[in-house]
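Residue strings, one per chain:
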Amino acid sequence: MLDESLLDSPEGLAEADHRALLRGAAEAGARVRTAARHAAEAGVGDLKPDGRPRAVLIAGPGAAATQTADLLGTLAGAGSPVTRLAPTGVAPAAGALRWELPGWAGSVDLLLIATPDGTEPGLSLLCEQAYRRGLTVVAVAPSGTPLAEEAGGSRGLFVPMATAPYDHDEPLAASAPGVLWALLTPLLALLDRTGLLSAPPEALEKVADRLDSVAERCGPAVATYSNAAKTLAAELADSLPVVWTEGVSAGPAGRRFAAALAELSGTPAVVAELPEALAAHSALLAGPLAASADPDDFFRDRVEEAPALHARVVLLRDRPLGGLTAAPAARELALTHDTPISELEPEEGGELETLAELIAVTDFAAVYLALASAPR
């Protein structure tokens, strides 16, 4: 159960935050600037590619690599297919994971490796396999790791991951805010050089500024009533989040939010894009999860017994879409089934900025929900 009093106690939140998740969310803008500087120092800005790669392959462990591939694929569009190489193995441990290149991969393709660990033998083996096939290899990982040595030779490009001192205090959560931006930013700069997407230095600086702005509005010192992230966390307590997204960039933000809720707070969530979400989740809202399906028992012990689980819709829109929008139909469907709805829509700006704002606000919300619902 959510301890709502903790949300308005900055000292209590800091004491409960053993993994420095709030600090990572607050410093996301600084992490983008550091990562962009690392990319520039590694020579990304000086690259003169012959042309767009035929395909972009992305390898790495866990949610961070999955979300990076999802975001890059969305931003790149149809320019070149972006495919994540899923690992195999008997356990989600660095030593157990293995990656394989598809049979068609060759010299006209680009392999990106993104990992917050860097000790995975499977990724070093993947580098060797890619070199033999003639692929161009670019890796983002912590410096001083085996992967850094393997990828940083004359045959590939290595960009040191932007880390913070507190990253080493506890095992990094794959959905931690700082991890995503540390891995994603250098790859955005790289794909900008290939012409696959638009992320010039000035755009990355605007992303950092937007992340700083969200941190000011959603930080732990800002009271719940004027803090969109704390409000969303409180609304999602004891509910099943049904995340609906509208707009191209909102899709990966919604999928990341669902992954962060599951990993950080243990909250299951379902996610789909509008307008298809209306058909996909109509039966879900009409079933036993609807607010009217099982009203709160008057005689329930509100200290010992948890309330019945009900759905709550979270609508993420990446920007106003004019008249072509399914948002009114989404609100009507939720209202018809007595399902409450929360909405997030970023301020105007470029595609990267609006995407960054949606990710930042939902990251803060997932962290607040994790800290305020954790057993103590």
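Just above sits the structure.
Note that this is a predicted model, so its numbers are computed, not measured. (Residues numbered from 1 in each chain as written. Predicted model: local features only at pLDDT ≥ 70, side-chain atom pairs only at ≥ 80, totals over all residues. Heavy atoms only, no water.)

Novice: So what about the overall build of the chain? Which residues, and what values?
Specialist: When helices and strands are tallied, the chain shows 15 helices and nine strands. The buried share among the 376 residues of the chain stands at 52%. Considering only residue pairs separated by 6 or more positions, the chain has 76% of its internal contacts joining residues 24 or more positions apart. Accessible area for the chain stands at about 15,900 Å²; split by element, carbon and sulfur atoms hold 55% of it. A distance of 7 Å separates the average location of the 27 positive side-chain charges in the chain from that of its 50 negative side-chain charges. (Helix = DSSP H or I, 4+ residues; strand = E, 2+ residues; numbered from the N terminus. Buried < 20%, exposed > 50% of the residue type's maximum accessible area, 1.4 Å probe, protein only. Contact = heavy atoms within 4.5 Å. Areas by Shrake-Rupley, 256 points an atom, 1.4 Å probe, with all protein chains shown as cover. Lys, Arg positive; Asp, Glu negative; His and termini not counted. Charge placed at Lys NZ, Arg CZ, Asp CG, Glu CD.)

Novice: Describe in detail the side chain of Gln-67, supporting the description with residues and values.
Specialist: Within the secondary structure, Gln-67 is located in helix α5 (residues 62–76). Look at Gln-67 and you get buried, because its relative accessible area is 7%.

Novice: Give me helix α11 (residues 250–265): which residues, what numbers.
Specialist: Under the 1.5 Å per step criterion, the end-to-end length of α11 is 22 Å for 16 residues, consistent within 8% with the ideal 22 Å. Counting buried residues in α11 gives twelve out of 16 residues, a clear majority hidden from the surface. Of the positions making up α11, those classed as buried are Ala-250, Gly-251, Pro-252, Ala-253, Gly-254, Arg-256, Phe-257, Ala-258, Ala-260, Leu-261, Leu-264 and Ser-265. Just downstream of α11 lies Gly-266, where phi reads positive at about 70°. (Expected span 1.5 Å × (residues − 1).)

Novice: Now, about the sheet that holds strand β1 (residues 56–59): what can you tell me, with residues and values included?
Specialist: The strands making up a sheet associate through backbone hydrogen bonding, with each pair oriented either parallel or antiparallel. The strand order β2-β1-β3-β4-β5 describes an open sheet built from five strands, whose pairing is parallel. Lying at the two open borders of the sheet, with one neighbouring strand each, are β2 (82–85) and β5 (156–160). Across the sheet, the axes of successive neighbouring strands diverge by a mean angle of 20°, strand direction being ignored. Of the pairings in the sheet, the one linking strand β3 (residues 110–114) to strand β4 (residues 136–141) comprises five bridges and is parallel in character. Bridge assignment links Leu-111 to a residue of β4, and that residue is Val-137. (Pairing = 2+ DSSP bridges. Axes fitted to C-alpha atoms, helices over the stretch in contact; angles between N-to-C directions.)

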